[in-house]
Each structure stands twice: as structure tokens, then as C-alpha cells.
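Here is how the chains run, residue by residue.
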Amino acid sequence: MSEDLKLTILKRLDSDGLIESTRVAFKDVPEETVLGALKSLESQEKVSYKTLTTEFWTIEPEGKDQLENGSYEARIFAAVPAGSQGVSMKDLEAQFGKVAKLGQGKCMAEKWLKKDGDMLVRLVDSVVDQVKANLEVVKAEGMHPDPSVIKDLKRRKLIKANKILSYAVKKGADFSTELKKQATDLTLEMLQSGAWKSSEFKKFNFDSLGVNAAGGHLHPLMKVREEFRQVFFETGFEEMPTNNFVESSFWNFDALFVPQQHPARKLQDTFFLIDPVHANALPDFWERVKDVHEKGGYGSIGYRYNWSEEEAKTLVLRTHTTAITAHMLHKLAQGPYRPAKYFSIDRVYRNEAVDATHLAEFHQVEGVIADKNMSLGSLIAFLDMFFKKMGMSNLRFKPTYNPYTEPSMEIFSYHEGLGRWLEIGNSGMFRPEMLRSLGLEEGVQVAGFGLSLERPTMFKYSINNIRELVGHKVKLSDIAANPACRLDKKMGREAEQQSAAVNKI
């Protein structure tokens, strides 16, 4: 059909020189079929065409009612008896319903009727139903010669505009009545046989949009990570660089006042590098760290053991982002005093058995605040504000032990869906043995807190097994379908559990 139509168009142009309207010339062919043929011929420069738009009007259901039974105003006028007796509006409403009010208003505007107390009486003996007459013209012609009539009928929602598309066609730059099959690709066979020399190639349309490419989708961890970042930025924090995945044991442990005999530094908890095994050198303040471990200082007696430089140089995959915090606090100490807020969100590594809730690598969210006169109360006040931004307003704090913070607190939040308290993070005040060794002056206190990224993500997206969040078991279709994250709104398992609790009540 398409090829036959193309030949018909070309022959009509060859004989007539112009097709004024395809709707007239090819009235039995759908316009979309005609357009497809024209586009194909235009790409070969055999024809050019322009779109013609014709507007016509059709009668709406309300208009059809008035066309058949008369306009509302004509009906109301006919219902009012001649003479001064008139009829009450109440009687008209009982007879005509809502039409009575509409028709009465038009009658009075046209000065056909007037009010006499509670009655409507005629001002004229007869009227012409011009609305019905106008609708008859529109029905017959598809339009009306008076634009003001069309405007009025449209305003009254009696008619609706419709558009008819057709095309005016003329000869193109390369017009002929012969149709050649155009090649769309230059093939190996064409090159080998030389057929490309006589082939006609279809032109590329560089203006076409083409097929929509499937876009990428953010992993749920990245969605939740971005929400955390925005909360940190809103509260004045600066993001720390986190591209050091390999650290010396000095920065990962020793600078944080973690003793070299601590269980966390053993093979069962930490990944050690095989090649190279050791860092080339330690930072210039390493002796201060050695002294505070061996002898103590700043109110501490230390750990009283022989500190090993070789052990401090051992390279590990960082077990926490606090190693980055140590770098940043040391850098902060090199300049004049200024308060600072730092945060980081990135991967850390632990030599742990993999199960439904644990992986050998995970993301740690960490924040630190350095300032003079910081106290545990300051930290608690900040954490209350910080977690409120994530929809957690009911917090509790429990004393705990961390090697490099004292005092230290676990952070708990009451989960309404589960009906119990959940641990959501850890926090504390960094020890002076760590801060003074890094070079921070007396009086500067540093508060820190941290939590995992995976646990809130699993709650937000109703994921029960962490291996379905990270690793080869992740379903790409789920990543594409997951909604944006809102830390301050109930979603996923939180919403499910809250709904279940409400239903139980």
C-alpha cells in the first residue's frame, strides 16, 4: 500500500504539478498513511510539502439537546403565558429543573421577560430562537460565518473545536516518477562487490530524536547517602576526602590511641596488605604518639608497653573512617585555631563472616565537631537536632567503651513499628591522648559520632538480607524501581511495621 501510494503521489504531481490538498486528492486514505508516504518521499528529495490545518466545529451533547428541543431561553419563554398573569419561578424550576434558572437569565438579558414580584411575565409576544438556528448552521456547515456566534456557542459549551490536517504537496529538487529502494547501511558485501558505487543511500536524519536510551539508576545506598550528605551540609559540616582505602596501622589505630595489643588489630578482624606490607615512613609527630602509648600524658598513664614502629607501619584496609578524621584533625592543628565540623561517608573493611546482616565491607557515616568548651551535653544536644532531621525524635544514650573516646555513648532510637529501642549509632568525646598527640591545643575538644549506611537503607527499602543490597544477588530491576529516599518520612519496612501496629490496635 505504501509503495503504491508513493507512486500515485508522484504520478499526480507529474500530471498536475501540484497537489493542493491530500484530503481532497486521497479522501479514502487515512492522513497518517499519507503523511508516512510524504515523509519517505521528502527524505529522497522527490517532494516537499506543508501542513494545512482546517478547523471545524461539532455539536456537544448539551448543544444537541438545544438543537432538538430548543434553547433554554426559548423553552422558558414558551412556558410563560401571554398577558400579565405570568408564572412563578418556583413552578418553572419544578417543570424544567436547572434549565429554568439558566433560561430565565437569558430571557431577561434579551428583554423577553421581566420580574413582577415573584412572577415572570412576558415583555414581547413572540421570539426567534436564534441559538437553535445558529446550531443548525454549525451542524450543516461545520462552522458559522459570524465569529461572534462561534465565540458565544463555545462559551456556552454547546460546540467543540476540531482540526483536520491535510497537506499541500509540490515537486522536490530530485523529483522523478521512479522509485528506487534506498540502502540504509554500507555493508561488507557492497564493498566487496562494488555495488555501493551505484546504490542510492538513505540520508541520515540528524534532527530525529531516535530511540530513548535506558538511563542508569542510583543504587539505594547512594540515595540514602545523598540524604545524609544534605543533612550534614544543612548543619554546617565540611566533607572530608575519603579516597585513602589503604592506611598504615599508625593512622588507623595508633594515632587514635588504640593499643597495639588490641584484638581489633588482629588478623581475624582486619585485612592486612601482602605487598607492600609496610608504609615507607611515619608522620613527623610519631614520637608523641609513641610516648603517650608507652608512658601516658595529658592526665593518662598510657598503656605501659613497648610501642613498635614496625607494627605502626603495617598497611591495612581501613577498618573505619576515623582514620580520615585523624588526618583532618592533624591538618587542622597545623594552622591557627578555628572551630570545625567534618563528615565522611565511605567504605570500610572488616574481616568478618558474611551473613544476612554483615559484610566484609560496608559504609560508615561519621561526623566530628571540634571546638573549645565542647562537652558531652553539647554532643547530646547536637545529636537530638541531627536525628530529628531524619524523623527520629525519641533518643536514648547508653554509656559504652571505645578506645579513643571517653566518655562514650551508644545511641538508641525508639522504633514505633517494632515497638522497641534500636541502636542506631555510637558517639563520644575524643580522648586528650589522641587530640594532643595530633597537635590540637589545650582546650580544644572534639566530639564524634558514627553509624552505618546499610542498616537505615535496609529499613527504608524493606531489604531483609544485606546480600540483596550489595553483591551479585542484587536485582537491577529493583534498583530501577526503588523510589527516592526521604530520611524524614516513614517508608519501606518502617511504614509497613507502623501500619501493622496501627491495625493491631
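Residues numbered from 1 in each chain as written. Predicted model: local features only at pLDDT ≥ 70, side-chain atom pairs only at ≥ 80, totals over all residues. Heavy atoms only, no water.

Engineer: Would you take a moment to explain the overall build of the chain for this structure?
Structural biologist: On a plain count of helices and strands, the chain comes out with 20 helices and 15 strands. Oriented by its inertia axes, the alpha-carbon framework of the chain measures out at about 120 × 95 × 50 Å. For the chain, contacts bridging at least 24 residues in sequence account for 70% of all contacts bridging at least 6. Counting only carbon and sulfur atoms, one obtains 51% of the accessible surface of the chain, whose full area is about 28300 Å². Averaging the locations of the 68 positively and 69 negatively charged side chains of the chain gives two centres separated by 3 Å. (Helix = DSSP H or I, 4+ residues; strand = E, 2+ residues; numbered from the N terminus. Contact = heavy atoms within 4.5 Å. Areas by Shrake-Rupley, 256 points an atom, 1.4 Å probe, with all protein chains shown as cover. Lys, Arg positive; Asp, Glu negative; His and termini not counted. Charge placed at Lys NZ, Arg CZ, Asp CG, Glu CD.)

Engineer: What should I look at first to understand unusual backbone geometry in this one?
Structural biologist: Across residues other than glycine, the phi torsion is negative in most instances, and most of the peptide bonds are trans. Omega for the peptide link from Asp-275 to Pro-276 comes to -5°, which places this bond in the cis form. With respect to the helices and strands, the residue Pro-276 is situated in the loop between α12 (249-252) and α13 (286-294). Note the cis peptide between Glu-406 and Pro-407, where omega equals 0°. Inspection of the secondary structure puts Pro-407 in strand β13 (residues 405-415). Positive phi, normally seen in glycine, also occurs at Lys-157, with a value near 60°. Residue Lys-157 is classed as exposed on the basis of its relative accessible area, which comes to 62%. Positive phi is not limited to glycine here, since Asn-373 has a value of about 65°. Looking at the element boundaries, Asn-373 is found in the loop between β11 (361-372) and α16 (376-388). Its relative accessible area of 72% is what places Asn-373 among the exposed residues. (Buried < 20%, exposed > 50% of the residue type's maximum accessible area, 1.4 Å probe, protein only.)

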